[in-house]
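# Residue-level structure breakdown
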Amino acid sequence: MESKQRQDDADAWFFESFKRYTNLYMYEFEAPVDTMELLDPMSLITSGIQAYSKKCEILQLAVPPKLLPKDIEEGLCKDRDFKIISGGYSSTRIIQVQPIGADRVAVAVQSDQEGLGLFQLGNDDHGVITEEKRLQFPAEQQKLHNSSVWGPGVLATRGRKVILGDRNGSYVCQWSLDAQDKGICHPLPNQHHVLQIKKIQYWDDNVVAFCTSKGSILFYDLLQPMDKPVTTIESPPTALASDSAVLCHSFDTHPSENILGLLNSSGKFEIFDIKKPDSPVVSTILPGYDHLSVLQGKFNLQFQKLQTQSPSDYYAKFIATGFKDEMIPVYECTKAGDIRPLFTHDGHTKIVTTAMWHTASDNLLFSSSIDAVLHAWQYIENEM
Amino acid sequence: MSEIKITPLGAGQDVGRSCILLHIGGKNIMLDCGMHMGYPDERKFPDFSLITNNKMTLTEYLDCVIISHFHLDHCGALPFMTEMVGYNGPIYMTHPTKAICPILLEDMRKVVVDRKGDREFFTSAQIKECMKKVVPVNLHQSLMVDEELEIKAYYAGHVLGAAMFSIKVGQLSTVYTGDYNMTPDRHLGAAWIDRCRPDLLITESTYATTIRDSKRCRERDFLKKVHNCVDNGGKVLIPVFALGRAQELCILLETYWERMNLKVPIFFAAGLTEKANNYYKMFITWTNQKIKKTFVQRNMFDFNHIKPFDKSFIDNPGAMVVFATPGMLHAGLSLQIFKRWASNENNMVIMPGYCVSGTVGSKILSGQKKVELENGHVVDVKMAVEYMSFSAHADAKGIMQLIHYCQPKNVLLVHGEAAKMEFLQQKINKEFGIQCYMPANGETCTISTNPDIPVDIQLSIVKKEQTEYDLQPPDPKRQRLIHGVLIMNEEGLKIVDIESASQEIGMPRHTIRFTEKLVFREFGAISRTTDKIAHVLKNKLTDLTVEVLSENEISISQKRVTVRISPVPKSETEKEVATTWGMEDDELGSFVFALLLTVRK
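Chains are numbered independently. Their residues run from 1 in the order of the written sequence. Working convention: letters from A go to chains and numbers from 1 go to ligands, in the order in which they are written. Only residues with pLDDT of 70 or above have their local features reported here, since the model is predicted, and side-chain atom pairs are shown and tallied only from 80 upward, although totals for entire chains, interfaces and linings are computed over all residues. Hydrogens and water are ignored here; the side-chain numbers use all heavy atoms of the structure.

In the annotation of an unreviewed UniProt entry, the entry for chain B reads Integrator complex subunit 11, and the organism field reads Allacma fusca. In its Sequence similarities (unreviewed entry) section, UniProt records this for chain B: "Belongs to the metallo-beta-lactamase superfamily. RNA-metabolizing metallo-beta-lactamase-like family. INTS11 subfamily." UniProt positions are given in the numbering used here, feature names are shortened, and annotations may be inferred rather than shown by experiment.

The name recorded for chain A in an unreviewed UniProt entry is WD repeat-containing protein 73, from Allacma fusca.

Attention shifts here to the overall build of chain A. Secondary structure is summarised from DSSP: a helix means a run of H or I of at least four residues, a strand means a run of E of at least two, and numbering begins at the N terminus for each. Looking only at helices and strands, chain A has two helices and 28 strands in total. What you see for chain A is a C-alpha radius of gyration of 21 Å, in line with the 21 Å of a compact globule of 384 residues. For chain A, the C-alpha atoms occupy an extent of roughly 65 × 50 × 45 Å along the three principal directions. Counting the 384 residues in chain A, one finds 55% classified as buried. For a compact globule the rule gives 2.2 Å times the number of residues to the power 0.38, and the radius of gyration it is set against comes from C-alpha atoms. Burial here depends on accessible area, computed with a 1.4 Å probe over protein chains only, as a share of the maximum for the residue type. Under 20% is buried, over 50% is exposed, and the range in between is partly exposed.

Residues and elements named next belong to chain B. In this description, a line fitted to the C-alpha atoms serves as the axis of each element, helices being fitted only across the stretch in contact, and the angle between N-to-C directions of two axes falls anywhere from 0 to 180 degrees. In contact at an axis separation of 11 Å, helix H7 (residues 215-231) and helix H8 (residues 245-260) are set at 65° when each is read in the N-to-C sense. When the axes of H7 and H8 are compared, the crossing they make is right-handed. Contacts from Lys215, Glu219, Phe222, Leu223, Val226, His227 and Val230 of H7 reach H8 at Glu248, Leu249, Leu252, Leu253, Tyr256 and Trp257. Note on residue classes: Ala, Val, Leu, Ile, Met, Phe, Trp, Tyr, Cys and Pro are nonpolar, Asp, Glu, Lys and Arg are charged, and everything else, Gly too, is polar. Per-class residue counts for the contact of H7 with H8 are nine nonpolar, one polar and three charged. Put simply, a crossing is left-handed when the front helix is turned counterclockwise from the back one by less than a right angle, and right-handed when it is turned clockwise. Throughout, a residue-residue contact means that at least one pair of heavy atoms, one from each residue, lies within 4.5 Å.

With that settled, the discussion passes to the sheet that holds strand E22 (residues 300-303) of chain A. Residue and element names in this part refer to chain A. The four strands lie next to each other as E22-E23-E24-E25, forming an open sheet whose pairing is antiparallel. In the strand order of this sheet, the two ends are held by E22 and strand E25 (339-345), each with one partner. For this sheet, the mean angle separating the axes of adjacent strands, direction not counted, is 25°. Both E22 and strand E23 (residues 314-321) contribute to a ladder of four bridges, which runs antiparallel. Across the sheet, Asn300 pairs through a bridge with Thr321, a residue of E23. DSSP bridges decide pairing: two strands pair if at least two such bridges lie between them.

For Lys276 of chain A, the location among the structural elements is in the loop between strand E20 (268-273) and strand E21 (282-285). Accessibility expressed as a relative area gives 55% for Lys276 of chain A, which makes it exposed.

On to the pattern of salt bridges. Whenever Lys or Arg places a side-chain nitrogen within 4 Å of a carboxyl oxygen from Asp or Glu, that contact is recorded as a salt bridge. One pass over the full model with this rule turns up 42 salt bridges over all chains. The residue Lys305 of chain A makes a salt bridge to Asp252 of chain A at a minimum N-O spacing of 3.0 Å. You can see Lys305 of chain A sitting in the loop between E22 and E23 and its partner Asp252 of chain A sitting in strand E18 (residues 249-254), a full 53 residues away along the chain. The exposure class assigned to Lys305 of chain A is partly exposed, which follows from its relative accessible area of 30%. The partner of Lys494 of chain B in a salt bridge is Glu504 of chain B, with the nearest N and O atoms 3.0 Å apart.

This part is about the pairing of strand E2 (residues 20-24) of chain B. Residue and element names in this part refer to chain B. Of all five residues in E2, four are buried, a share of seventy percent or more. With five bridges connecting them, strand E1 (residues 3-8) and E2 associate as antiparallel partners. Counterpart to Thr7 in the pairing with E2 is Leu21. As paired elements, E2 and strand E3 (residues 27-31) share five bridges and run antiparallel to each other. Note that in E3 the partner of Leu21 across the bridge is Met30. What sits between the antiparallel neighbours E2 and E3 is a turn of two residues, in which Gly25 has the positive phi angle 55°.

Here you go:
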């Protein structure tokens, strides 16, 4: 009887979804997806530990044509399935993947001693992803490096370059596919040794920004001496609900709008204008925020960054993930500083681990949960 | 004899047809005998002359034919093969397949002959003759085709009566899946197989590199489209194959109409499809648990909202939904309805499956707005054309699940994408540590196996070992050792103990003893030499008993090794020292001998 009730509830949710989503697709993977990144609007990469062999499989998937905007797809029978373009295995668990060059990905794996992995993706004629080579740390760095279950650090890529931020905050190391394999290491000033780097991004070709465990955002210019950051953004400390809670921080940048957003695990959300880094233009708490703790390593703030974005009357649309629940709220931050909830995706039945925006289709997101199901959902904004 | 050979008979890599030749343990079996719907010419049937190269008849060559389910790409060429090429051997399929196959074959025959005037096609009489050769099988029931060849059917889901077959000859076994589905749907269960560990698993892999959208989401889209259309007063035409997805969609619409309290009429074309529903009732045990349970109270195939259609309803005003055959709009009622409804843009046609090229269905799916029919009539297509794929096939995850269930030693994929072969081989190898093959059509793939050889063993030997093993302290790493004689005769192989073996063969037990001789130079009596040697041996062999048995004989460890000293004739000083041991004590014997060599020095 109970399962009939659950079936009916599930049916009811699906029938309701007609009004809430333009598109709603669900894919059962063989194993929960650990990492997921968009390579380009037409393909994405996932990795996960396989159920039978416990090995880490990496897959390059073609986004179902039916989800792509009209001018990209062709024909009347648009397929709604993911097609595996290529796949392969990594020797250890993959922590983070970033696309680099046109056909490769830089990969950070668990307990890595040497640096980063560079994997060659396949294509329609060649279906295997293979590890092409390792991007090694420069010799002096190898001695300092401690292998960790979280991997060597956090990654970001831009074009044919990849940068690694050391977890302990001692250095950042950049490799370029055009130069030799040796990375160039930039030690960071001493005071940051006590702070860990939580997330790193390229602001432009030469400037990187990263977020420390204290919640400050530091911008460094790789072409200039790295003895101090070119810009620092500090957010006033937050009073914690309890002493035992550890505050997690995440950030995202929107270079075309010249803004940066900060979120911490007590729900404080701020937007800074880069030209005026001293005080935030928005500082508020997310509406209805009630999470006491977040998932280590999964806490993330992500702005919507469409390839063709017209100027808007809001700062950004964004999502936040890494909470121990099954919902994904979508917000908009208006220029007046209000956080408007646009939508909440509640289709997952278990804890959500990753989510990301698509860069070409408006309102399209991918999300995955620990029950090995990946959702592709395109929402219709709530009527306010 | 320990090789399995597979040859897919086909033309091209497309979804066309299934017809696989299996050579196992000296037997030849044909798995499925499908027709390719896309070719109007001789390519539609497999080339059966390739099988024997005209050296012998199919009846002589094939031990049996197995058909997995009633889809025409798996059984469409059967009457052609049995009646026009000639085959009189047994054909195996499940009961529902046997009941439904002739209907689809007849249906197809009418279209091909009437439409194309193809006189090379088989006749109705031939279909009936062909079906007389069919032996129906039940699920999970072992059937001996002859003394050595055994087959067994397993539930495959996919469509009513679809089965996966296990084929065993002696120690070699193969499982052929046909089309199957690992997730249950509204009217059929999911495929199931036990851990039979076949030497080879042959599986369809059309979707091996696809991760399919869930059924729920497909249904959601289907219902959304239908609801939107009828809300606007439009008519929805759903061309279906007589059996299969039609039932699934009916159940889905009925559930939705009930829940949303909709009043728009839904119709199901009468005649053939009523018969189809009757077949479902007849084979209710082949459906899933839910339907079986509710069947007792209320027949799941009697719908509240779905009524039989009459041609006169075509022009009824207002919204309606109609399921009509055939599925590709190439003839019959569905084409008739299409012609009348196509010009209204409020209407919609939803194609629920694959359409062979050349049919009206495939033309409108490729976007044609003006379609020319058989009689030259041109239809303006203003109605919306939608495609919903509901086919229940196993995808990447499903194939891995099946391999995990039955644990084959090798996997062979048919109908897969050649470009992805390397990826699949690596994946199956990494996940399960087994080999994966993907032969091209017409290519023979040979799989070597390591068959097990069964050996009987005498109970007393096993018990003896058990007793000795239990006497020692428990140690999971200690090997279990059995000492015996392997006898091969017409009855087979067996291991017995030495006494039984010698009795059986009628030969007394022989023992082999080795003797090595040395010459010592020693003054004095023999006994002096004996004592000297015994002294050395006692010192060196501390954990063995060394006894002086007499003045010229020493025993080591209860006569396992003996040392005899005897005088050399015609010599005052020379003494011959002979060390003797049995074959089992070779190590000890050589050791003692080596010791004596050192003593001599």
